[in-house]
Amino acid sequence: DAGVIQSPRHEVTEMGQEVTLRCKPISGHNSLFWYRQTMMRGLELLIYFNNNVPIDDSGMPEDRFSAKMPNASFSTLKIQPSEPRDSAVYFCASTLTGTGGYTFGSGTRLTVV
Amino acid sequence: KQEVTQIPAALSVPEGENLVLNCSFTDSAIYNLQWFRQDPGKGLTSLLLIQSSQREQTSGRLNASLDKSSGRSTLYIAASQPGDSATYLCAGPQGGSEKLVFGKGTKLTVNP
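One structure accompanies this document, and this report is about it. (Residues numbered from 1 in each chain as written. Chains lettered and ligands numbered in written order. Predicted model: local features only at pLDDT ≥ 70, side-chain atom pairs only at ≥ 80, totals over all residues. Heavy atoms only, no water.)

When you go through chain A residue by residue, the secondary structure sums to zero helices and 11 strands. Taking 2.2 N^0.38 as the reference for a compact globule, 113 residues should give roughly 13 Å; the C-alpha atoms of chain A span a radius of gyration of 13 Å, in line with that estimate. Counting over 113 residues, chain A shows a buried share of 50%. For chain A, the accessible surface area stands at approximately 5500 Å², while carbon and sulfur atoms represent 51% of it. Taken as two groups, the 10 positive and 11 negative side-chain charges of chain A have centres that lie 4 Å from each other. (Helix = DSSP H or I, 4+ residues; strand = E, 2+ residues; numbered from the N terminus. Rg over C-alpha atoms; globule rule 2.2 N^0.38 Å. Buried < 20%, exposed > 50% of the residue type's maximum accessible area, 1.4 Å probe, protein only. Areas by Shrake-Rupley, 256 points an atom, 1.4 Å probe, with all protein chains shown as cover. Lys, Arg positive; Asp, Glu negative; His and termini not counted. Charge placed at Lys NZ, Arg CZ, Asp CG, Glu CD.)

Given below as structure tokens:
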């Protein structure tokens, strides 16, 4: 398995633009997580899905953020409009419920100027 | 609410030294705890997963322990090498959910 695949690896965008981050979980995993990592706050969970259904989105900072999981092999995290304070590394992770083993993608480094 | 704390934030040791990284958590009902490694600019790599029924797990030179009663976990690295230099993060689930709560990590530097 190629692991959790995220794209793009790097994204630089101007304030106010829409940004879409993509994630392909490991085949067979049924839970998917979006995390954001900053120096100040460390790793924060934004949202997680189980069997393609959003279970907890309490970490989504505001309405500018939205996430979807249309099928078991694909998820998106969208920021519209983007702001400089959204600059961070965004990680996607997946797991099979009950196993406890999480696999993280390589992350998307987002810079909003 | 689960809170995870790691001390120290940074640690520098000479090559060959044995060392211990500490992790504390507030929710003693956790059902597992994990240790991850993160290299600069990279994602997280899972090192060890300890289930609540276990007290420790070993992988090569790494040994992780879990003491639920005291709310603590340790990661022991034997005979450290420069290649061990990285940030080490521990994480535990929030309540009975799958949500992982992370500590802020310990940045380890092993000097040749």
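On to the state of the cysteines, then. Any covalent bond linking the sulfur atoms of two cysteines counts as a disulfide. Scanning the entire structure with this criterion turns up two disulfides over all chains. Here C23 of chain A connects covalently by a disulfide to C92 of chain A, the sulfurs 1.9 Å from one another. The sign of the S-S torsion, about -70°, decides the handedness of the disulfide formed by C23 of chain A and C92 of chain A: left-handed. Of the two residues, C23 of chain A sits in strand β3 (residues 19–24) while C92 of chain A sits in strand β9 (residues 88–95), which places them 69 residues apart along the sequence. Relative accessible area serves as the criterion here: at 1%, C23 of chain A is assigned to the buried category. Each sulfur in the disulfide pair C23 of chain B and C90 of chain B lies 2.0 Å from the other. The S-S bond linking C23 of chain B to C90 of chain B shows a torsion near 80°; that makes this disulfide right-handed. Placement of C23 of chain B in strand β3 (residues 19–25) and of C90 of chain B in strand β9 (residues 86–93) is noted, with a sequence separation of 67 residues between them. (Disulfide = S-S within 2.5 Å.)

The next point concerns the interface of chain A and chain B. If you look at the interface, chain A gives 25 residues, while chain B gives 18 residues. Taken together, both faces of the contact between chain A and chain B bury some 1500 Å²; the carbon and sulfur share is 51%. Looking only at chain A, the three residues that lose the most surface to chain B are L43, Y102 and F104 of chain A, adding up to 35% of its buried area. On the surface where chain A and chain B come into contact, there are one salt bridge. Counting every contact that joins chain A to chain B gives eight residue pairs in polar contact (both at pLDDT 80 or more). Looking at the side of chain A that touches chain B, the elements that each hand over two or more residues are β4 (31–38), β5 (42–50) and β9 of chain A. The class makeup of the residues in the side of chain A that touches chain B is nine nonpolar, 12 polar and four charged. (Contact = heavy atoms within 4.5 Å. Buried area = accessible area lost by both parts, 1.4 Å probe. Salt bridge = Lys/Arg side-chain N within 4 Å of Asp/Glu carboxyl O. Polar contact = N/O pair within 3.5 Å; in protein donor to acceptor, adjacent residues only side chain to side chain. Nonpolar A, V, L, I, M, F, W, Y, C, P; charged D, E, K, R; others polar.)

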